[in-house]
Amino acid sequence: MPLEIFGNLTEKLFKVIDNTSNGKAVDAYDLMERWTLDAIGNASFGFDFGAVTDGDNEWVHRYNDVVEATSEPLYTFLPILERKYINWFPRRKKVHDELTVFLDMIQHIIDEKRRKISDSNYQSTQDNNKQKDLLEMMMESGEDENGALLTDEELRSNMCIFFFAGHDTTASALSFAIYYLARHPEMQERAREEAIRVLGNEPTNIRPTVEQSREMTYIEQIIKEVLRISCPADSLITRIATKDTELGGVFIPKGTGVTLSIYNLQRSPKVWDNPQKFDPERFSPGGEAENKDPNSWIPFSSGQRQCIGMNFSLSEQRFLLPMLLRKYKWSLPEDSIHHDKVKIELGLGVISPVDFNVIFEKLY
Ligand code: HEM
């Protein structure tokens, strides 16, 4: 896990909060998105979007424009329009051009990496403990049964999926954690006490190690409960039934699209007691979660197609939350739209809070 990258980004993030907030509310979802974008960019192929320090820079706009464009209904339902007649749609064409620049950037990084790896000096100076980025690992391990490595197109496509699947999801998870802790100051205080107990009370930023993260069991319970009650991935990608079958007494003919709503499952009163209540105690030793069917809590899905970024995302959360708790106390501003319950929107299968302003009060 690239803890060093997480640490450097967190220190930059704190500077941004200190410089911009000054007792005023800041958009916490925007901050989390910027932090997770830089985390995935740096960790997956050593590219720094620079989003934490400058949320307005050209790469951030380019990335956001492309992602936003993927959910425009016209082209989702009539993809032929952009496949064959793109020149008739200048606004859409502009996004395609943005995407080309983005893919060229990824290609440039692949070329650079290949050049570096083939350089004998680079090989000999490689420290075994150095944290390799994901691209480097994919290049080294992508041999198929014929010994062929991943093609550039495969590498580019995989990189895009990492960005897409691994950025907004964790930003939402972190934002929802910030939200529930703002709504429940007593839980925030208990979590802070735990972070201070494990990391110490020095008025300086302390980066948790993996071992220290393991000791912060209450924060772990909070992470799990957030992923239950406000799971960022609303549902699974639709599968097609390959034969006639039956699910829960419902006949499903071959060829039917089938999905599973994680949101409804994890908020179902048939599965969880008082499911609308945010209660990290469910995940305490001996708590409600302990004797449940493992499929009751599947924020990352399960089985063969389980999220491959699960550990990466959990590491990000286990790292950032304790550091935030030691550095700030936070609350919702009086005019927040989220006092009764968190207001969300659904993007391309990912839920996130809207207009999520938070007041951060510096503790050191
Ligand atoms: C809180 C954060 C996250 C949540 C809730 C989440 C959730 C999920 C879920 C539910 C799936 C299964 C989708 C399906 O099969 O229909 C999935 C797949 C995937 N996720 Fe995540 N994810 C998160 C973070 C990440 C991160 C950080 C990365 C990248 C580093 C990532 C990369 C992927 C990829 C590549 C797949 C496809 C795996 C496959 O089909 O074999 N995710 N994720």
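- Named according to an unreviewed UniProt entry, the chain is Cytochrome P450 originating from Circinella minor.
- Turning to the chain, the UniProt record has this under Cofactor (unreviewed entry): "heme".

**Structural notes on the overall build of the chain**
- Helix and strand content of the chain: 15 helices and nine strands.
- Whereas a compact globule of 364 residues would reach a radius of gyration of roughly 21 Å, the chain reaches 22 Å, a difference of no more than 12%.
- Counting across all 364 residues of the chain, residues that qualify as buried make up 45%.
- Counting every atom, the chain has about 19700 Å² of accessible surface; 51% of that belongs to carbon and sulfur.
- For the chain, the distance from the average site of its 42 positive side-chain charges to the average site of its 57 negative ones is 2 Å.

**A look at the packing of helix 1 (residues 3-20) against helix 2 (residues 28-45)**
- For the pair helix 1 and helix 2, interaxial distance at closest approach is 10 Å and the crossing angle is 150°. As summarised for this structure, helix 1 and helix 2 are arranged roughly antiparallel, according to the angle between their axes. As helix 1 runs across helix 2, the sense of the crossing is right-handed. Here I5, F6, L9, T10, L13, V16 and I17 of helix 1 lie close against helix 2, whose contacting residues are L31, M32, R34, W35, D38, A39, N42 and A43.
- Partitioned by chemical class, the residues of the contact of helix 1 with helix 2 number 11 nonpolar, two polar and two charged.

**Here's the deal with the site of the ligand**
- Around the ligand, the surrounding shell holds 23 residues, and the nearest of these are G166, I237, R239, R305 and C307.
- Here a nitrogen atom of the ligand and a backbone polar atom of A165 are 3.3 Å apart.

**Focus: helix 2**
- Compared with the 26 Å implied by 1.5 Å per residue over 18 residues, the 26 Å span of helix 2 between its first and last C-alpha is a close match.
- Burial within helix 2 is extensive, with 17 of its 18 residues counted as buried.
- The opening residue of helix 2, the one whose side-chain oxygen lies 3.1 Å from the backbone nitrogen of Y29, is D27.
- Looking one or two residues beyond helix 2, the residue adopting positive phi is G46, at roughly 65°.

**What to know about the coordination of the iron atom of the ligand**
- Counting protein donors to the iron atom of the ligand gives just one, C307 (SG), placed at 2.3 Å.
- Mapping C307 onto the fold places it in the loop between helix 14 (262-266) and helix 15 (310-327).

**Notes on the environment of P353**
- Relative to the helices and strands, P353 is located in strand 8 (residues 351-353).
- Looking at P353, the relative accessible area reads 4%, which means it is buried.
- Between the C-alpha atoms of P353 and K277, which are 76 residues apart in sequence, the distance is 18 Å.

**Things to note about the UniProt feature "binding site: heme" (unreviewed entry) in the chain**
- In the numbering used here, UniProt assigns the "binding site: heme" (unreviewed entry) feature to C307.
- You can call C307 partly exposed: its relative accessible area is 35%.

**Some details on the environment of L348**
- Along the chain, L348 turns up in the loop between strand 7 (344-346) and strand 8.
- Under the relative-accessibility criterion, L348 is labelled partly exposed at 44%.
- The contacts of L348, once residues within four sequence positions are left out, are T70, S71 and F164.

**A word on the pattern of salt bridges**
- Applying the stated criterion across every chain yields a total of 21 salt bridges.
- For E189, the salt bridge is made with R192, and the minimal N-O distance between the two is 2.9 Å. Of this pair, E189 and R192 both sit in helix 11 (residues 185-199), three residues apart, which is roughly one turn of that helix.
- Given the relative accessible area of 3%, R192 is considered buried.
- Across the salt bridge formed by R282 and E225, the nearest N and O atoms sit 3.0 Å from each other.

**With respect to the pairing of strand 9 (residues 357-362)**
- Here strand 1 (residues 25-27) pairs with strand 9 via three bridges, running antiparallel. Counterpart to V26 in the pairing with strand 9 is V358.
- Both strand 6 (residues 328-331) and strand 9 contribute to a ladder of four bridges, which runs antiparallel. Residue pairing across strands places S331 opposite I359, the latter belonging to strand 9.

**A short note on the sheet that holds strand 1**
- Sheet architecture is open: three strands sit in the order 1-9-6, paired in antiparallel fashion. Every other strand in the sheet has two partners, leaving strand 1 and strand 6 as the edge strands with one partner each. When strand polarity is set aside, the average angle formed by the axes of neighbouring strands in this sheet is 45°.
- Packed onto the sheet, helix 1 meets strand 1, strand 6 and strand 9 and runs at close to 60° relative to strand 6.
- Together, strand 1 and strand 9 form the strand contacts of helix 2, whose direction differs from that of strand 1 by roughly 45°.

About the cut-offs
- Residues numbered from 1 in each chain as written.
- Predicted model: local features only at pLDDT ≥ 70, side-chain atom pairs only at ≥ 80, totals over all residues.
- Heavy atoms only, no water.
- UniProt positions renumbered as here; feature names shortened; annotations may be inferred.
- Helix = DSSP H or I, 4+ residues; strand = E, 2+ residues; numbered from the N terminus.
- Rg over C-alpha atoms; globule rule 2.2 N^0.38 Å.
- Buried < 20%, exposed > 50% of the residue type's maximum accessible area, 1.4 Å probe, protein only.
- Areas by Shrake-Rupley, 256 points an atom, 1.4 Å probe, with all protein chains shown as cover.
- Lys, Arg positive; Asp, Glu negative; His and termini not counted.
- Charge placed at Lys NZ, Arg CZ, Asp CG, Glu CD.
- Axes fitted to C-alpha atoms, helices over the stretch in contact; angles between N-to-C directions.
- Parallel < 35°, antiparallel > 145°, perpendicular 65-115°, else oblique.
- Left-handed = near helix turned anticlockwise from the far one by under 90°.
- Contact = heavy atoms within 4.5 Å.
- Nonpolar A, V, L, I, M, F, W, Y, C, P; charged D, E, K, R; others polar.
- Near = heavy atom within 4 Å.
- Polar contact = N/O pair within 3.5 Å; in protein donor to acceptor, adjacent residues only side chain to side chain.
- Expected span 1.5 Å × (residues − 1).
- Donors = N, O, S within 2.8 Å, 3.2 Å for Na, K, Ca; no water.
- Salt bridge = Lys/Arg side-chain N within 4 Å of Asp/Glu carboxyl O.
- Pairing = 2+ DSSP bridges.

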